[in-house]
Amino acid sequence: MSDYLLEMNGICKSFPGVKALDHATLKVRPGTVHALCGENGAGKSTLMKCLFGIYTKDEGEIKIDGIPTNIVSPYDALKKGIAMVHQELQPIKERSIAENIYCGRFPTKFGLFVDHKKMYEDTERLLKEVKMDFDPKVKLSTLSVSQMQSVEIAKAVSAKARIIIMDEPSSSLTQNEVDNLFDIINSLRKKGISIIYISHKMDEILAISDDVTIMRDGQYIGTWEAKELTIDMIVTKMVGRELKNLYPPRSNVPGEVIFEVKELSSITAKSFQDISFQLRKGEILGIGGLVGAQRSELMEGIFGIRGIKHGSISYKGRPLKIKRPHDAIKNGIALLTEDRRATGIFGVLSVADNVSIASLDKFVRYGFWLSVRKIEELVRENVSKLSIKTPSSKTKIQSLSGGNQQKVIISRWLANNPDILILDEPTRGIDVGAKYEIYTIIADLAKQGKSIIMISSEMPELIGMSDRILVMCDGRISGEVSGEEATQENIMSLATKFA
């Protein structure tokens, strides 16, 4: 009998222009939480997609209970007791929670008709088992991103899997929801279920894991017991060098007020109301708050995505009328959205297309001719300036790591030379090395005189990067702290002020 429930040995996988996995190894013991760590592009998700049957491995062997097996599809993986909670959610938003959980395996009557009664009863029992107080009949579109994440976890549990892959499961969760997730994981571990846990949050890895495997550049670096490691040790092994500072030194000096919002309210009663704030030239203004505080909704209102009931926006003392995103872009405002996959990248398009798509009018010649040469020059310049790792400008953006996708989107907006950049969770789902690169880009932009509004759910990030922090609670600004005075305690106090 094998000591391991799962063994992956010598796994190789190549894509055009890049070798994603180079003889990667992973061995998971029964009833343990096994963390899989590495920078974006290290091959973690690719390895898991080979395990789950999304990709076909080029070389190597997979064993379950010591027996070699070949996994040809996600359905095959589920039959063999392997489930996966993906980093990028793909829910069917206009269907119910129950229908999402049982999609593709509905309980039936007489082998012909969906047994809705049994499906709803089973879903209700399952949700109670994983401590999720949701109505099984509610449409997924009514849930927040974090709640959708919870439903995906429930779906994996419902498959009665022996191995559950969790790819960044806490990226959209509050601390209370993370605690609940850990309770679920611990209960699964006690039942002998193994969890493969991918996360860039080092404190979580050390808190929940039994074993840690580290990958770098598609290769296996090593496996250690979690109790033997520290955060610094994990980071050093991940990046192959010591990172002494999490945040880059900043030399920006905020100047005069250039942007002002006064008494801005959403047309939706339960969204942001009576918001007023100022933004200075060359300033990094952090926006803090818990999930549901309406931070993203406020920025979408400023950018013309959401309707405004009343209030005003001005730039350098000049009133702006922003009815749609085109108006914001025309007035030098850019928005990097929270959900990179859903509202950021154009996954099936190339890196060049994604960089240039917001500024195509600059590359039109004679009223109809698109200058491919000029676009290629723009892409080469940004690939070099932002250190974007891509085989070529023609590579589809969906094949890049999360950190490189984020850099491409930043490049898209920089091509318009905006004065104000709104960055909503700019480092969500990005490893510590890539985070530092994104922080450096932000700091450099502020030094150049660009004004940055940065939303982040990670309080150390807010504190480490912001000149000032506005905190929101229940759709209103509950307070402001300067960078020097900011602590996690006073930010959290303001974030729960009206709760």
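Bear in mind that the values here come from a model prediction, so they are computed numbers and not experimental data. (Residues numbered from 1 in each chain as written. Predicted model: local features only at pLDDT ≥ 70, side-chain atom pairs only at ≥ 80, totals over all residues. Heavy atoms only, no water.)

Chemist: Explanation requested: the overall build of the protein in the structure shown.
Modeler: Looking only at helices and strands, one finds 17 helices and 24 strands in the protein. A globule of 499 residues ought to have a C-alpha radius of gyration of about 23 Å, and the protein, at 24 Å, matches this closely. Counting only C-alpha atoms, the protein reaches 75 × 50 × 50 Å along its principal axes. A buried classification covers 52% of the 499 residues belonging to the protein. Accessible surface, the protein as shown: approximately 23,100 Å² in total, 50% of it carbon and sulfur. If the 67 positive side-chain charges of the protein are averaged to one point and the 63 negative ones to another, these points end up 5 Å apart. (Helix = DSSP H or I, 4+ residues; strand = E, 2+ residues; numbered from the N terminus. Rg over C-alpha atoms; globule rule 2.2 N^0.38 Å. Buried < 20%, exposed > 50% of the residue type's maximum accessible area, 1.4 Å probe, protein only. Areas by Shrake-Rupley, 256 points an atom, 1.4 Å probe, with all protein chains shown as cover. Lys, Arg positive; Asp, Glu negative; His and termini not counted. Charge placed at Lys NZ, Arg CZ, Asp CG, Glu CD.)

Chemist: What is the right way to look at helix α9 (residues 295-303) in this model?
Modeler: Think of an α-helix as 3.6 residues a turn; residues three or four steps apart then line up on the same face. Within α9, seven of the nine residues are buried, leaving the element largely enclosed by the surrounding structure. Looking at α9, one finds that the buried residues are Arg295, Ser296, Leu298, Met299, Gly301, Ile302 and Phe303.

Chemist: Please explain the packing of aromatic side chains as it appears in this structure.
Modeler: Think of a pair of aromatic rings as described by two things: how far the centres are apart, and how the planes are tilted against each other in angle. Going through the model one piece at a time under the given rule, you end up with three aromatic pairs. The interplanar angle of 40° and the centroid separation of 5.0 Å between the aromatic rings of tyrosine 247 and tyrosine 439 together place this pair among those described as tilted. A residue pair is termed long-range when its members are at least 10 positions apart, and tyrosine 247 in the loop between α8 (231-239) and β13 (257-266) and tyrosine 439 in helix α15 (residues 432-447) qualify at 192 residues. The class of tyrosine 247 is partly exposed, set by a relative accessible area of 24%. Relative to tryptophan 413, the ring of phenylalanine 303 has its centre 6.0 Å away and its plane inclined at 85°; by these criteria the two rings are edge-to-face. With phenylalanine 303 in helix α9 and tryptophan 413 in helix α14 (residues 402-414), this pair connects stretches of sequence that are 110 residues apart. The exposure class of phenylalanine 303 is buried, given its relative accessible area of 4%. (Phe/Tyr/Trp six-rings, centres within 6.5 Å; stacked < 30°, edge-to-face > 60°.)

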